[in-house]
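The lines below spell out each chain.
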Amino acid sequence: MFNLNNILRENIKRLKPYSSARDDFSGEASVWIDANENPFNTGVNRYPDPHQRELKACLAQIKGVKPENVFIGNGSDEIIDLLYRVTCDPGKANAIVMPPTYGMYAVSAEINDVAITKVFLREDFSVDAEAVLAAVNENTRLIFVCSPNNPTGNLVPIDVIETIASNFDGLVVVDEAYIDFTTSESAVSLIEKYPNIFVMQTLSKAWGLAGARVGVGIGSKDLLAVMDKVKAPYNVNILSQQVALNSLNDIEAFNAKVDIIVEQRDWLSAELSKLDIVEKVYPSDANFLLVKFKDTANLFQFLLDCGIVARDRSKEKWCEGCIRLTVGTPDENEMLVKALNQYFI
Ligand SMILES: Cc1ncc(COP(=O)(O)O)c(C=O)c1O
């Protein structure tokens with residue numbers, strides 16, 4: 001049975017967080033002399049709202065949850081690090097990842113001196129829930145499930161996530177960075193039923209704000225309260241909060257761009273499949289394609305020589321010969337196909 005108290009580090013439970021006057025006061029004042037700011041207006045002379053109240057309210061509405069279930073980080077990468085810092089005793093705790101998957105789960109674990117247990121995906125990139133659960137031991141605090149998975153592009157079915165969550169007493173972190181490129185159900189629908197499911201999304205992908213660094217976590221209020229204690233007080237800067245709000249308020253522009261990317265993904269997939277140098281284009285629910293090529297190393301260099309930077313994934317398990325290609329603008333995708341048509345082994 002999941003009990004948050006059982007997975008939190010003792011020092012974090014005891015932690016009295018830094019508090020500022022603005023933790024308690026969020027209204028309009030005529031004189032702000034609480035934070036040693038410079039009073040002359042530069043647009044950013046004030047500290048940002050440490051609780052990102054406006055942004056959370058807006059995201060909560062879009063995601064169909066309450067603001068108290070929304071956490072905002074300096075990118076999902078900050079959230080991954082926070083999850084380790086809150087739950088994992090360095091040198092003792094471990095986390096489970098399912099390679100081939102997003103590399104930061106393991107890097108962040110290493111930084112925090114947390115052991116990683118790898119349970120590889122099956123050859124068809126599906127999750128082996130039984131093997132994952134068999135790898136759990138008393139020091140396992142986190143299981144990372146990436147859906148759609150990077151770099152393989154496939155979704156993890158909701159019932160597989162439920163199976164893992166209902167048989168594990170730690171946190172299941174479902175990374176949905178690419179969820180907006182599919183119409184499939186998000187694991188956000190599970191957070192009420194499973195307090196040990198924490199969903200990560202991001203504004204870096206479908207929302208087009210990678211440079212603003214806005215990561216979104218959706219989970220239980222109790223877990224979020226602990227994460228709030230540990231995060232840097234002003235972890236999301238004022239410009240990023242503003243830019244995020246502007247984008248979130250323009251759902252039409254968002255939908256239009258996502259539609260183009262999804263349509264282009266399918267076009268690119270069809271075009272690549274016609275090429276002799278392509279062995280396989282994997283299906284994708286994300287904004288990238290994993291493609292198995294013949295003669296990958298030379299091809300990768302050829303693309304670089306053409307000024308096209310892709311991601312070589314050929315050293316990853318089950319990804320021998322694979323390059324990951326992000327879907328670009330229609331012009332960029334055409335340039336890619338044109339370049340590949342000029343490559344001969
Ligand atoms: C699966 C996955 N999660 C998270 C991230 C990082 O997200 P953010 O930009 O919010 O840190 C990426 C970036 O490539 C990713 O592929």
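What you see as residue numbers is a count from 1 along each chain, following the sequence as written. Local features are withheld for residues below a pLDDT of 70 in this predicted model, meaning they are given only at 70 or higher, and side-chain atom pairs are given and counted only at 80 or more; totals for whole chains, interfaces and linings count all residues. Side-chain metrics in this entry use all non-hydrogen atoms of the structure; hydrogen atoms and water are not considered.

Enquirer: I'm lost on the UniProt feature "modified residue: N6-(pyridoxal phosphate)lysine" (unreviewed entry) in the protein chain in this one. Help?
Expert: UniProt positions are given in the numbering used here, feature names are shortened, and annotations may be inferred rather than shown by experiment. Using the residue numbers shown here, the UniProt feature "modified residue: N6-(pyridoxal phosphate)lysine" (unreviewed entry) corresponds to Lys205. Put simply, DSSP marks the helices as runs of H or I at least four residues long and the strands as runs of E at least two long, and each gets a number from the N terminus on. Tracing the backbone shows Lys205 in the loop between β6 (197-202) and β7 (215-218). Partly exposed describes any residue whose relative accessible area lies between the buried limit of under 20% and the exposed limit of over 50%, with all areas from a 1.4 Å probe on protein chains only and scaled to the type maximum. Overall, Lys205 belongs to the partly exposed group, its relative accessible area being 31%. Here, two residues are considered to be in contact whenever any of their heavy atoms come within 4.5 Å of each other. Setting aside anything within four residues of it in sequence, one finds Lys205 in contact with Ala177, Tyr178 and Phe181.

Enquirer: What's the story with the domain arrangement of the protein chain in this structure? I'm lost.
Expert: Often, the extent of an interface is quoted as the loss of accessible area on bringing the components together. Taken domain by domain, the protein chain holds domain 1 (4-249) and domain 2 (252-341). Residue ranges for the domains trace back to a domain assignment, done automatically or taken from a database. For domain 1 and domain 2, the distance between their C-alpha centres works out to 29 Å. At the junction of the two partners, domain 1 supplies 19 residues and domain 2 supplies 19 residues. Taken as a group, Phe125, Pro151 and Phe181 account for 36% of the area that domain 1 buries against domain 2, more than any other trio of residues on that side. Salt bridge, as used here: a side-chain nitrogen of Lys or Arg that lies within 4 Å of a carboxyl oxygen of Asp or Glu. There are 0 salt bridges connecting domain 1 and domain 2. By the criterion applied in these results, polar contacts are pairs of N or O atoms within 3.5 Å in which, for protein atoms, one can donate a hydrogen and the other can accept it, and in which residues neighboring in sequence qualify only through two side-chain atoms. Our enumeration of links across domain 1 and domain 2 arrives at 4 residue pairs in polar contact (both at pLDDT 80 or more). Each residue receives one of three labels: charged for Asp, Glu, Lys and Arg, nonpolar for Ala, Val, Leu, Ile, Met, Phe, Trp, Tyr, Cys and Pro, and polar for the others, Gly being one of them. Residue composition of the side of domain 1 that touches domain 2, grouped by class: 11 nonpolar, 5 polar and 3 charged. Summed over both partners, buried area is the accessible surface (1.4 Å probe) that two parts give up on being assembled.

Enquirer: Just checking my understanding: could you explain the layout of surface pockets for this structure?
Expert: In this approach a probe as big as a water molecule rolls over the atoms, and the regions it shows empty are the leftover space. Approximately 590 Å³ is the volume attributed to the largest pocket. Cavity and pocket criteria rest on a 1 Å grid covering protein atoms alone: a 1.4 Å probe that fits but cannot get out defines a cavity, protein on both sides within 12 Å along at least 5 of 7 lines defines an open pocket, and an atom within 4 Å of a point defines a lining residue. In terms of lining, the largest pocket is formed by 19 residues, of which the most central are Tyr47, Pro48, Asp49, Glu54 and Ile238. Only α4 (53-63) and α10 (238-248) provide two or more residues apiece to the lining of the largest pocket. Sorting elements by how many residues they give to the lining of the largest pocket places α10 first, with 4 residues. Tallied by class, residues from the lining of the largest pocket come to 9 nonpolar, 4 polar and 6 charged. Grid points are joined across faces, edges and corners, and a volume is the space filled by probe spheres set on the points. In this structure, the second largest pocket encloses a volume near 420 Å³. Thr326, Val327, Gly328, Glu332 and Asn333 are, among the 18 residues lining the second largest pocket, the residues nearest its centre. Every element with two or more residues in the lining of the second largest pocket is listed here: α11 (251-273), β11 (322-326) and α13 (330-341).

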